[in-house]
Each structure stands twice: as structure tokens, then as C-alpha cells.
Amino acid sequence: MIPAVLPTYNRAPMSFVSGEGSWLVEADGRRFLDLGAGIAVNVLGHANPALVSALTTQAGALWHTSNLYQIPQQQALAEKLVEHTFADTCFFTNSGTEACELAVKMARKYWTEKGQPERHVILAFTGSFHGRSAAGIAAAGSEKMTRGFGPLLPGFRHLPFGDHDALTEAMKSPDVAAVILEPVQGEGGIVPVPDQCLKGLRDLCDQTGALLIFDEVQCGMGRTGKLFAHEWAGVSPDIMMVAKGIGGGFPLGALLATEDAAIGMTAGTHGSTYGGNPLACAVGNAVMDIVATDDFLAEVNRKAALFRQGLEGLVASHPDVFDFVRGSGLMLGLKCKMPNTDVLAAAYGQELCVIPAADNVLRLLPALNITDDDIREALIRLDRTAAALVPA
Ligand SMILES: *Cc1c(COP(=O)(O)O)cnc(C)c1O
């Protein structure tokens, strides 16, 4: 008999009942150290007092009004995002995949507005992930996500990740509207795109006019030690998708754009019932006020260096279990030699939450305010995890 919850997930047996900082408490009382943060979502940890206060204060005043009216919390959050990024304007969504939908619509509308509606193709890369909507799965294009769901949304062309010649060639096609990529691939196995490649891509887009879309749903909001990952390369996109960390655990996403890229998005061309409601934006403002500060980001970088150094030592001590560590800031991937599912099960045995990804990688995406002590504890638990897999 089909379970009451549609069985699209293979769930681990834990049910957590409460959380505090980087810790999750299981119904039976066990305390798990959380290096997954709800898949890069809980950037300020569980039950963060500033976020609890922002949420409960707003909950007592007004939850939802719709976008038929002014929403001061939304206005304030948009102004913060505009102030701290390349963007001139923002649209709020409830998820990353909805931000992807709008990115695709905006890029196509742009070229219609410019009198070249035949420019509707979006170039994307293998190994990418852009969400589970019809546009999201068509954009990522992997067989695993698209099989059985055809016909797929047309107008996407997929290029092998890291193949500069294929990209240069594909950009010559006169129907290209935009290029979409994650500056650090997340689901694909924590694969950073080198800075010079992002620069090269920006140059190619500038030459042809194609819009550059960065999907920073996973790598944004301070995850890599900059507010947004592309800042490391010193280049800006025309359109950017944000979600996950922006709500700190409350469902919230955003699509950021330059004034030019947004030229076609006039009144009536897009909308959302919930997107950017007072409750979500009250929390989003509280997250931004903490994360988008130099002091906070400096701490992320210091902690990332501490964690990374420990992980290099871990890999060296357990060469049969781990291959290497890669990533950026507190977006780290442990490439495994054993099946990552076996390592994941062993980590659960040590009351440690990590997240599997493609390419036999385990993702480490802790709360960005994880303490030094919790980083040390994580390294101890990872060490025990590996030891349990290879008995001495
Ligand atoms: C998670 C993710 C998405 C989809 O976000 P949802 O909120 O699950 O819809 C899109 N792009 C990237 C890079 C992601 O990591």
C-alpha cells in the first residue's frame, strides 16, 4: 500500500523533535551533530534566537496579505539585497525552483522585448541542478530527473561541464538567450567553477549579449565566505537565483536581476500568491542583517579554514575511506573511496548528519555560525565514522 506521504524520498529513520545551533535532538533523546543544516538552509543554526524573535513578533502582527498591497518587510529585504549585490531589483519566491522558473521566463521575455524572440535557448551544463519544476528539470537535463516526465520544456541545450571549446562553439549560435550555471555545483558533488572560467563566461556573454544566470540557491548567502560565491571571481551575473539560506529555514527564495535584464517584466507578467509575504520577509530581513556583514563573513572564512585543515588530516588518516576534500568556504565535499551511502550510514551511527551528493561525495554544509568546538567534534565523529568502516 502506498504510504500516506508520497514515497519520493528514501528517508533515514530519525525523527528530530528539536534543535539548537548545530545540534538536532531525536525523539529518543539522541543528539546529532548537524553538518547538513537542512541542505544548506539553516545558515544560522536551529532555533536561532534572532530568527525566532523576528518570526514570532511578525506572527503576532500579520502573516500574509498577498502582493496586491505594499509589503514593507518585502520592500526592506529587496533594498538590502540590491544594496549588497549587482542587482537593481528582486522578486520573491517560496523556493529555488520557482526562482528558476522566473529566471527562464525573464531571459526569454528580455529577447522578445529586444525584438529578437528567436533567441530563446538557454545553455546549461551537465551535473547541474536547478530544481524540480518542469523548467528546472529541463534546465539540468539529467536522465535521472527527466526520465518519464516528457515531453520536456524545449529550449535548453546541454554542454559538458568544463569543456571550454564546446561552450565557445555553442555561444556562436544566434538563438542563445542565456547561460545558466551554479558557481559551485551542489547536488553535482560540490564542484567549484574556477574563477577564470567564470570570467571567461562573462566575457563570452558580453560579446554575444546572452544573459548570464547564476544559480546561487545553494552556494549563496555566505556559504562560501562571500555573500555570493561569484564575488570571489570578481564577475557579476545579469540574473541570480537565491533560496535555501535566505530564509534560514523559513521557505523563501528570490530572483535578483539588473534593470536591463528585467526589462520585460512589467505589471501582470509574473506573480506569486505567497512569494515575499510579511512572515517570510520578516525572517529574511533578520537573516540578511546578520549574514551580510563583514564580521560574520570573516568568521565564516576563519571557520572554513579550520574545518578544511581538519578534513585534510582526516582524509590523510583514512585513505581507504576518503579520497580528497574539495569545495569553497563552508560548502565542502568529501570525495569517498567507499560508497558514500555506506559512509553516510556509518556517520548516522556516530550521531552525525551529512548529506550525500553525486560523484560519490558527502556534503558538509554546516550552519555558518557553527562553533569551533562543534567543528572539532565533527572531525572527531568523522574520524570515528571512518574507523568504524575499516576495523583496525
Ligand atoms: C536546492 C536547489 C534548487 C532548488 O531549490 P528548491 O528550494 O528545492 O526548489 C535549485 N538550484 C540549486 C543549485 C539548488 O541547490
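Residues numbered from 1 in each chain as written. Predicted model: local features only at pLDDT ≥ 70, side-chain atom pairs only at ≥ 80, totals over all residues.

Under the domain assignment, the protein is made up of domain 1 (16–48 + 294–389) and domain 2 (50–291). Here domain 1 and domain 2 have C-alpha centroids that lie 26 Å from each other. Partitioned by chemical class, the residues of the side of domain 1 that touches domain 2 number 17 nonpolar, eight polar and three charged. (Domains from an automatic or database assignment. Nonpolar A, V, L, I, M, F, W, Y, C, P; charged D, E, K, R; others polar.)

Before going further, it helps to spend a moment on the UniProt feature "binding site: N(2)-acetyl-L-ornithine" (unreviewed entry) in the protein. As annotated in UniProt, the feature "binding site: N(2)-acetyl-L-ornithine" (unreviewed entry) corresponds to Arg132 and Ser272 in the numbering used here. With respect to the helices, strands and loops of the structure, Arg132 is situated in the loop between β5 (121–125) and α5 (134–140). Taking the C-beta count within 10 Å as the criterion, Arg132 has 16 such neighbours and is therefore assigned partly exposed. In this structure Arg132 touches Thr97 and Ile137, once residues within four positions along its chain are discounted. For Ser272, a count of 17 C-beta atoms within 10 Å translates into the label partly exposed. Ignoring sequence-local partners within four residues, the contact set of Ser272 consists of Asn67, Thr93 and Glu98. (UniProt positions renumbered as here; feature names shortened; annotations may be inferred. Helix = DSSP H or I, 4+ residues; strand = E, 2+ residues; numbered from the N terminus. Buried ≥ 20, exposed ≤ 12 C-beta atoms within 10 Å, placed from the backbone. Contact = placed C-beta atoms within 7 Å.)

Time to look at the packing of helix α7 (residues 164–171) against helix α8 (residues 195–208). Where α7 meets α8, the closest approach of the two axes is 10 Å, and the angle between their N-to-C directions is 15 degrees. Relative to α8, the element α7 is oriented roughly parallel. Our pair here, α7 against α8, has a crossing hand that is right-handed. On α8, the residues touching His164, Leu167, Thr168 and Met171 of α7 are Gly200, Leu204 and Thr208. When grouped by side-chain class, the residues that make up the contact of α7 with α8 number three nonpolar, four polar and no charged. (Axes fitted to C-alpha atoms, helices over the stretch in contact; angles between N-to-C directions. Parallel < 35°, antiparallel > 145°, perpendicular 65-115°, else oblique. Left-handed = near helix turned anticlockwise from the far one by under 90°.)

Across the junction of Gly150 and Pro151, the peptide omega takes the value -5 degrees, indicating a cis bond. Turning to its location among the elements, Pro151 is positioned in the loop between α6 (143–146) and β6 (156–159). Its identity is not glycine, yet Lys244 carries a phi of approximately 35 degrees, on the positive side. Of the residues examined, Lys244 has 28 C-beta atoms within 10 Å and is grouped as buried.

The next subject is the sheet that holds strand β13 (residues 322–328). Reading across from one edge, β13-β14-β17-β16 is the order of the four strands in this open sheet, with antiparallel pairing throughout. Two strands bound the open sheet, and with one partner strand each, they are β13 and β16 (355–357). Neighbour-to-neighbour, the strand axes of the sheet open up by a mean angle of 30 degrees, direction not taken into account. As judged from the six bridges shared by β13 and strand β14 (residues 331–336), these two strands associate in the antiparallel manner. Along β14, the bridge assignment pairs Gly327 with Leu332. Contacting β14, β16 and β17 (361–364), helix α11 (residues 340–349) crosses the sheet at an angle of about 40 degrees to β17. (Pairing = 2+ DSSP bridges.)

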